[in-house]
Amino acid sequence: MKHVARNGAESAFGSGRRTAGRPIGGRENGRRGDRRARRRTPRRRAPLVPRAVARLAAAAVALVALSCSSPARNASLCDEPRRTGTLPADVAESSGLAASRSHPGVFWTHNDSGDEAFVFAIDSAGRLLGRVRVTGAENHDWEDIALAPCGDDAGDCLYIADTGNNLGSREEVAIYRVPEPSPDDSATAPAERIAIRYPGDVVDTEAIYVLPDGTIYLVSKGRQAPPTLFRYPGRPRADEVVVLREVARFRQTPVGLPYQVTGADASPDGRWVAVRTYTSVQIYRVAWRGRLRPLLPDPGIDLQILAEPQGEAVAFGPDGSLVLTSEAGPSDVPGTISRIDCRLD
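Residues numbered from 1 in each chain as written. Predicted model: local features only at pLDDT ≥ 70, side-chain atom pairs only at ≥ 80, totals over all residues. Heavy atoms only, no water.

1. With respect to the side chain of Asp-141
Then step 1. With respect to the secondary-structure elements, Asp-141 resides in the loop between strand E5 (128-133) and strand E6 (144-149).
Then step 2. At 5.3 Å, Arg-170 is the nearest oppositely charged side chain to Asp-141, a buried residue that forms no salt bridge.
Then step 3. Excluding residues within four positions of it along the chain, Asp-141 makes contact with Asp-112, Ser-113, Ala-161, Asp-162, Thr-163, Gly-164, Asn-165, Asn-166 and Arg-170. (Helix = DSSP H or I, 4+ residues; strand = E, 2+ residues; numbered from the N terminus. Buried < 20%, exposed > 50% of the residue type's maximum accessible area, 1.4 Å probe, protein only. Lys, Arg positive; Asp, Glu negative; His and termini not counted. Salt bridge = Lys/Arg side-chain N within 4 Å of Asp/Glu carboxyl O. Contact = heavy atoms within 4.5 Å.)

Next comes the structure, spelled out in structure tokens:
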């Protein structure tokens, strides 16, 4: 379909022809017309000079923009990662992490597959503060945890991603949603099981985050397929199996082990999302329709300085810092907890 500009000329979506104007140097004027046309040519080309200046100005603005987002500037947004403690033997396979907002200084974590359905309250040094059974839940392969509003002004809930699928045998996985307990509780209120499937093939996922409006996102690991961002459509529903929707891919191909995604979290205001791998963590700005724009040069903050036995989880602290945990290693090497101080506006 052709689009016609206001002056009657077809726009760039059409053929590009313009409405004929008054002829310049036409045959009816002969050689005199040709000479007049040549004399008028410089005046017709004169506007090219300011356009060239405008192009140079635009290029200068672009260079300034690039310098503002340079690696040196972005690197200064976050300090060097530092270890703050080790984890108790009760949490030898810390796979997810979420910061409490109702209990200052408390972080919720859990073990990977093989443990019962417990969440553990720890502090920023890894000290154990509580052990709470999740009522009505089963730990088939818990991989991550998030804290976000329950909805309907019912306070905060824990969202536990029972989404591990290393063998590719689980066509249906689940998210458990349960009101946040107190570290002193022995058990939670009954958990709500939210059953999900992926579009297409089965997917192995170790990362979940939930925005303040209650929208649930999961990030696949990237081991057998490209690491991909998925969204739960609409409000969570416990009475049906819901197919997730693909939002975007972080890469176009599967990634090697050091770059596979193991955890994620959203900031309390929903403006930022952190996604970690075994060796790095990237911070993203949340854009239109939930798409993520990387804040730091790829691949983000290098975590290898922490010497984590097996880096798994990340959470935003209440002060905007990033807190990370690692599973324990062989030969009784304990799991670790670490911190990265960031200055996000």
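2. Side note on the pattern of salt bridges
Then step 1. Taken as a whole, this structure holds 16 salt bridges when the rule is applied.
Then step 2. Where Arg-133 meets Glu-116, a salt bridge forms, and the shortest distance between an N and an O atom there is 2.9 Å. Pair noted here: Arg-133 is in strand E5 and Glu-116 is in the loop between strand E3 (107-111) and strand E4 (118-122), with a separation of 17 residues, a long-range link.
Then step 3. A relative accessible area of 44% means that Glu-116 is categorised as partly exposed.
Then step 4. Put simply, Arg-82, Asp-319, Arg-339 and Asp-341 are held in one network by salt bridges that share partners.

3. Looking at the sheet that holds strand E12 (residues 228-231)
Then step 1. In spatial order, the strands read E10-E11-E12-E14; together these 4 strands make up an open sheet with antiparallel pairing. Two strands close off the open sheet at either side, each with one partner strand: strand E10 (205-210) and strand E14 (245-249). The sheet shows a mean angle of 25 degrees between the axes of neighbouring strands, taken without regard to direction.
Then step 2. Bridging between E12 and E14 involves 4 bridges; their strand directions are antiparallel. By the bridge assignment for E14, Leu-229 is matched with Ala-248. (Pairing = 2+ DSSP bridges. Axes fitted to C-alpha atoms, helices over the stretch in contact; angles between N-to-C directions.)

4. Description of the layout of surface pockets
Then step 1. Its boundaries defined by the atoms lining it, the largest pocket holds a volume of some 310 Å³.
Then step 2. Looking at the largest pocket, it is lined by 19 residues, and the ones nearest its centre are Asp-201, Val-202, Val-203, Ala-225 and Pro-226.
Then step 3. Grouping the constituent residues of the lining of the largest pocket by class yields 6 nonpolar, 7 polar and 6 charged. (1 Å grid on protein atoms, 1.4 Å probe; cavity = no way out; pocket = protein on both sides within 12 Å on 5 of 7 lines; lining within 4 Å. Points joined across faces, edges and corners; volume = space filled by probe spheres on them. Nonpolar A, V, L, I, M, F, W, Y, C, P; charged D, E, K, R; others polar.)

5. Description of the pairing of strand E20 (residues 310-316)
Then step 1. Judged by how many residues are buried, E20 sits mostly within the fold: 6 of 7 residues are covered.
Then step 2. Where E20 hands over to strand E21 (residues 322-327), the hairpin turn is made up of 5 residues, of which Gly-320 adopts a positive phi near 90 degrees.

6. Comments concerning the state of the cysteines
Then step 1. Evaluated as defined, the whole model comprises 2 disulfides.
Then step 2. Residue pairing for Cys-78: its cysteine sulfur links by disulfide to Cys-342, the two sulfurs lying 2.1 Å apart. Residues Cys-78 and Cys-342 share a disulfide whose torsion about the S-S bond is about 110 degrees; that sign makes it right-handed. Taken together, the residues Cys-78 in the loop between helix H3 (71-75) and strand E1 (82-86) and Cys-342 in the segment after strand E22 (336-340) connect sequence positions 264 residues apart.
Then step 3. On the accessibility criterion, Cys-78 (10% relative accessible area) is buried.
Then step 4. The class of Cys-342 is buried, set by a relative accessible area of 11%.
Then step 5. Through a disulfide, Cys-150 is tied to Cys-157; the S-S separation comes to 2.0 Å. Here the S-S torsion is close to 105 degrees, and the disulfide linking Cys-150 with Cys-157 is therefore right-handed.
Then step 6. Given the relative accessible area of 3%, Cys-157 is considered buried. (Disulfide = S-S within 2.5 Å.)

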